[in-house]
Amino acid sequence: MTEMENIAIADQVDDSSHPNSFLTKYVWSQDHKVIAIQYSITAIAVGLIALVLSGIMRLQLGFPNEFSFIDPSSYLQFVTMHGMIMVIYLLTALLLGGFGNYLIPLMIGARDMVFPYLNMLSYWTYLLSVLVLVSSFFVSGGPTGAGWTLYPPQAILSGTPGADAGILLMLISLAIFIVAFTMGGLNYVSTILQARAKGMTLMRMPLTIWGIFVATILGLLAFPALLVSAIMMIFDKVVGTSFFMPAILSLGETLDHSGGSPILFQHLFWFFGHPEVYIVALPAFGMVSDVIAVHARKNIFGYRMMVWAIVAIGGLSFVVWAHHMYVSGMNPYFGFFFATTTLIIAIPTALKVYNWLLTLWRGNIHLTVPMLFAIGFIFTFTHGGLTGLMLGNVVIDLPLSDTFFVVAHFHMVMGVSPVMVLFAAIYHWFPLLTGRFLNNSLGKFHFWGTFLGTYAIYLPMHYLGFLGVPRRYFAMGETDFIPESAQTLNAGITVSAIIVGLVQLVFIANLIWSTFKGKKSGRNPWQATSLEWQTAQFPPGHGNWGEHVPQVHRWAYDYSVPEVKDDFIPQNISPEEVEYLISDENNSREDK
Amino acid sequence: MPNNQQQEQSQASKSSSWQSVKNDWGTDKQAFDMPWGKLMMWIFLLSDTFIFSIFLISYMNVRMSVTVPWPNPSEVFALTIAGHHIPLVLIAIMTFILITSSGTMAMAVNYAYQGNKKKAVYLMLTTALLGASFIGMQAFEWTKLIVEEGIRPWENPMGANQFGAAFFMITGFHGLHVSAGVIYLAMIAKRISQGKYDNKGYQIVEITGLYWHFVDLVWVFIFAFFYLW
Ligand code: HEM
Ligand SMILES: [Cu+2]
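Residues numbered from 1 in each chain as written. Chains lettered and ligands numbered in written order. Predicted model: local features only at pLDDT ≥ 70, side-chain atom pairs only at ≥ 80, totals over all residues. Heavy atoms only, no water.

J.: Looking at this model, I keep getting lost on the coordination of the copper ion (ligand 2). Mind explaining?
T.: Ideal geometry at a metal gives 109.5 degrees between four tetrahedral donors and either 90 or 180 degrees between six octahedral ones. Residues and elements named next belong to chain A. Here the copper ion (ligand 2) is held by His274 (ND1), His323 (NE2) and His324 (NE2), and the distances to it run 1.7 to 2.0 Å. Site description for the copper ion (ligand 2): donor spacing in sequence, H-x48-H-H. Of the two residues, histidine 274 sits in helix 8 (residues 262-296) while histidine 323 sits in the loop between helix 9 (303-316) and helix 10 (332-360), which places them 49 residues apart along the sequence. Residue histidine 323 is classed as buried on the basis of its relative accessible area, which comes to 12%. (Donors = N, O, S within 2.8 Å, 3.2 Å for Na, K, Ca; no water. Helix = DSSP H or I, 4+ residues; strand = E, 2+ residues; numbered from the N terminus. Buried < 20%, exposed > 50% of the residue type's maximum accessible area, 1.4 Å probe, protein only.)

J.: Is there a simple way to explain the interface of chain A and chain B in this structure?
T.: Taken together, the contact pairs 47 residues of chain A with 39 residues of chain B. Between chain A and chain B we count zero salt bridges in total. For the pair chain A and chain B, the number of links is five residue pairs in polar contact (both at pLDDT 80 or more). Of all the secondary structure elements, the ones that give two or more residues to the side of chain A that touches chain B are helix 1 (2-10), helix 6 (165-194), helix 7 (207-238) and helix 8 of chain A. Element by element, the count of residues in the side of chain A that touches chain B is highest for helix 7 of chain A, at nine residues. Counted by class, the side of chain A that touches chain B contains 28 nonpolar, 15 polar and four charged residues. (Contact = heavy atoms within 4.5 Å. Salt bridge = Lys/Arg side-chain N within 4 Å of Asp/Glu carboxyl O. Polar contact = N/O pair within 3.5 Å; in protein donor to acceptor, adjacent residues only side chain to side chain. Nonpolar A, V, L, I, M, F, W, Y, C, P; charged D, E, K, R; others polar.)

J.: What is the right way to look at the site of ligand 1 in this model?
T.: Residues and elements named next belong to chain A. Surrounding ligand 1, one finds 23 residues, the nearest of these being Tyr75, His82, Trp148, His411 and Arg472. Here an oxygen atom of ligand 1 sits 2.5 Å away from a polar atom, N or O, in the side chain of tyrosine 75. Contact between ligand 1 and histidine 411: a nitrogen atom at 2.7 Å from a side-chain N or O atom of the residue. Mapped onto the shell around ligand 1, the elements with two or more residues apiece are helix 3 (32-62), helix 4 (72-108) and helix 13 (404-434). The greatest single-element share of the shell around ligand 1, amounting to seven residues, is contributed by helix 4. Residues belonging to the shell around ligand 1 are distributed by class as follows: 14 nonpolar, six polar and three charged. (Near = heavy atom within 4 Å.)

J.: Any chance you could explain the domain arrangement of chain A here in plain terms?
T.: Size of an interface: often given as the accessible area lost when the parts come together. Residues and elements named next belong to chain A. If you check the domain split of chain A, you get domain 1 (23-205) and domain 2 (529-592). Taking the mean C-alpha position of each, domain 1 and domain 2 sit 37 Å from one another. On the side of domain 2, 24 residues touch domain 1, which itself brings 16 residues to the contact. Around 1,500 Å² of area is buried between domain 1 and domain 2 when both sides are counted, 51% of it from carbon and sulfur atoms. (Domains from an automatic or database assignment. Buried area = accessible area lost by both parts, 1.4 Å probe.)

J.: Just to check I follow, could you spell out the packing of aromatic side chains for this structure?
T.: What characterises a pair of aromatic rings is the spacing of the ring centres plus the angle enclosed by the ring planes. The tally for this structure, following the rule as stated, stands at 66 aromatic pairs over all chains. Judged by centre distance (5.9 Å) and plane angle (55°), the rings of A:Phe177 and A:Phe223 are tilted. Within this pair, whereas A:Phe177 is found in helix 6, its partner A:Phe223 is found in helix 7, the two being separated by 46 residues in sequence. Each member of the pair A:Phe177 and A:Phe223 is classed as buried. A cation sits over an aromatic face here: B:Arg63 above B:Trp229, 4.0 Å from the ring centre. (Phe/Tyr/Trp six-rings, centres within 6.5 Å; stacked < 30°, edge-to-face > 60°. Lys NZ or Arg CZ within 6 Å of the ring centre and 35° of its normal.)

J.: So what exactly am I meant to see when it comes to the packing of helix 6 (residues 117-148) of chain B against helix 8 (residues 203-228) of chain B here?
T.: Axes are the key here: two packed helices are described by the angle between their axes and the distance separating the axes. All names here are of chain B. As a packed pair, helix 6 and helix 8 sit with axes 12 Å apart at the nearest point and diverge in direction by 25°. For the element pair helix 6 / helix 8, the angle class is roughly parallel. The hand of the helix 6/helix 8 crossing is left-handed. In contact with Met124, Thr127, Gly131, Phe134, Gln138 and Glu141 of helix 6, helix 8 contributes Val205, Thr208, Trp212, Trp219 and Tyr227. Classifying every residue of the contact of helix 6 with helix 8 gives six nonpolar, four polar and one charged. (Axes fitted to C-alpha atoms, helices over the stretch in contact; angles between N-to-C directions. Parallel < 35°, antiparallel > 145°, perpendicular 65-115°, else oblique. Left-handed = near helix turned anticlockwise from the far one by under 90°.)

J.: What is the right way to look at the coordination of the iron atom of ligand 1 in this model?
T.: Residue and element names in this part refer to chain A. Protein coordination of the iron atom of ligand 1 is provided by His82 (NE2) and His411 (NE2), with donor distances spanning 1.9 to 2.0 Å. Considering all six donor atoms around the iron atom of ligand 1, angles at the metal cover 87 to 180° and the coordination shape is octahedral. With histidine 82 in helix 4 and histidine 411 in helix 13, the pair connects residues that are 329 residues apart, well separated along the chain. When sorted by exposure, histidine 82 lands in the same class as histidine 411, which is buried. (Tetrahedral: all angles 85-135°; square planar, octahedral: opposite > 155°, others 65-115°.)

Encoded structure:
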């Protein structure tokens, strides 16, 4: 009985539900594809704010005292807003709200998310959280300058910029974001578990879906820690409780707080914060796997291993959080435990890197723009991962903690790398959205500018970190242990950062121009096997599949199968429909 | 045990061997044999479990780290009735009511699956009423703590300040869940009596029940950690 009912909803082609007016079609839309685009545009828009903020910070670091509109307080505010926007409001929202929404139903052969209305609410709630966040730029005292980690007690004490309205708006915005994420995330997980097309077993799903699936579960279990700590900090700030506030002597005055535990906040924050890294990384892992397989015309190497690696990384990511707290004075045995788990995560992660390389190995590599970005990702990710191995060890982390080495590390691993995949994904799936290619020459220019540019930015930062240049500092001041030459390096980094920023404008221009004027792509231009390219209409219309949802007969990686006529077999092609080079009855193959 | 009938049904439709578990996960369409809404409620409750666990862990952490002594629960949570000082009496009644409401909820689910709409609606409303009386008593308890004992989130004449902070925050958060549950129950009961689920089936009652049982279960933990520790 339950079974029948679900199918009835899933396969319904109910014409009366087709939205007609502009408003229902593009604004109050419940279509996952429209919601995905709304999410993406909003995320990219705030992402541009964060990019501009990083440019301003770099100007200060490269050319101190040249710019009067940056003072120590505003520098801290820019650091904080830059970090938080990039991690939460850009990457999380774009990867899950944007790509998750767009690709899940299309890749698993569903007509939409299981609860489209909730999905729509998710977007509007997300938009609200963004508006609350941005509004903090305009309140008195400005946005919070506590650093994206928002550590109390300083986050809510006077002396920290934005300690009045700014921090409150930040916490409220985060809480709203979590509500939005939960509404979306429940949908993604339920859709993937319950609404797959016939034949689409879990082990036939494209890795993109696996990445998004596990990342969403991580989000649903990790965001509660952030929510609870936000609530407690709001209480500390507004009501005067002391969850996180110890007895404090500030400017000679004893504050009203006593008995709270600042370390508790650090634990809660990083219990969220570390899985958050993988909430961003896992969808990227999945998407890059698919891009590599399509553009190398080869099946992904070790599909099952790749799936289990994603699951293992997801599970392990909950037991490593305190590697961010080595300097908090923890018990050495704790440090030992967390260093060990951290290094263990490197195993499934390295396995993925090997598998990407082995997929490329002797593949028929097409150096398209998406492929360039995907290969770029392998470089930046390996690079960031190796420095992560270093920082995972307590003895190496202690001296390097809070230096630019850490800044370089996390930008390589969770800043640049997911962004490279996002670019790969946008160039790859743009034809599906619009029926047009993004301009190729501009794309190549964008790739080389971004790839070389980010190396020019972050490689020298590692060196600065070794010299001891501290992170979150407005200016270095009287620090004799840092040589003069560090300033020259900083100036160079800033120039590169400005160039990289400008190169992104080329990308935005390309997006806008190609949406209307780009070269027509035709159906399935990359000759991909996964379902999203096999829709009835192209680009896919409302309900995705026309009369019938597809039936799936194989995994998503049948590329260059020997003796088959085409070099790819879409997932919805049945074994009987496959055309062979030599038509021989005995030759028909078992499907995967 | 919300509903035996439903369980039997699903038990019958698949053999109970590991093979069938593997098949469910490994092949085709649905990983779990249940409606979308029910699965979504389960996942939501899993996420909510994390929220409450983190609240309670934080409470334990704070309670262990404070230097001022924690107030004695059998003094704070006592009522003086007819000249007698009775510890934990109110909370015992509240807990009893909430657990009873889980019982009426389970019966509502049972009747819903039997197709007895009227009884199901009636029992859901009873559940909501019990929930509302729980909220009422909680309001009474809060008032007593605030007005008579002078306990505030930021101060506490009977011991550590964090007692008031954690107590009001966590029971308040739970109370919000109960209130939401009362509204949810009333809403669904109304929709059922309007016949909105006549064609769809009454799984919605079970889904509502899942939420309600969860809220009760959480209360058991809050009760244990605040009143018995
Ligand atoms: C062109 C691109 C980018 C540039 C030039 C840039 C530059 C910077 C700079 C200068 C800082 C402050 C360093 C300090 O004073 O401590 C910073 C911090 C940070 N950035 Fe970026 N960034 C870029 C992209 C990203 C991306 C894509 C992410 C996404 C994860 C990201 C995440 C962060 C985080 C989390 C912080 C730490 C904020 C804090 O310390 O509270 N950045 N970035
Ligand atoms: Cu970490």
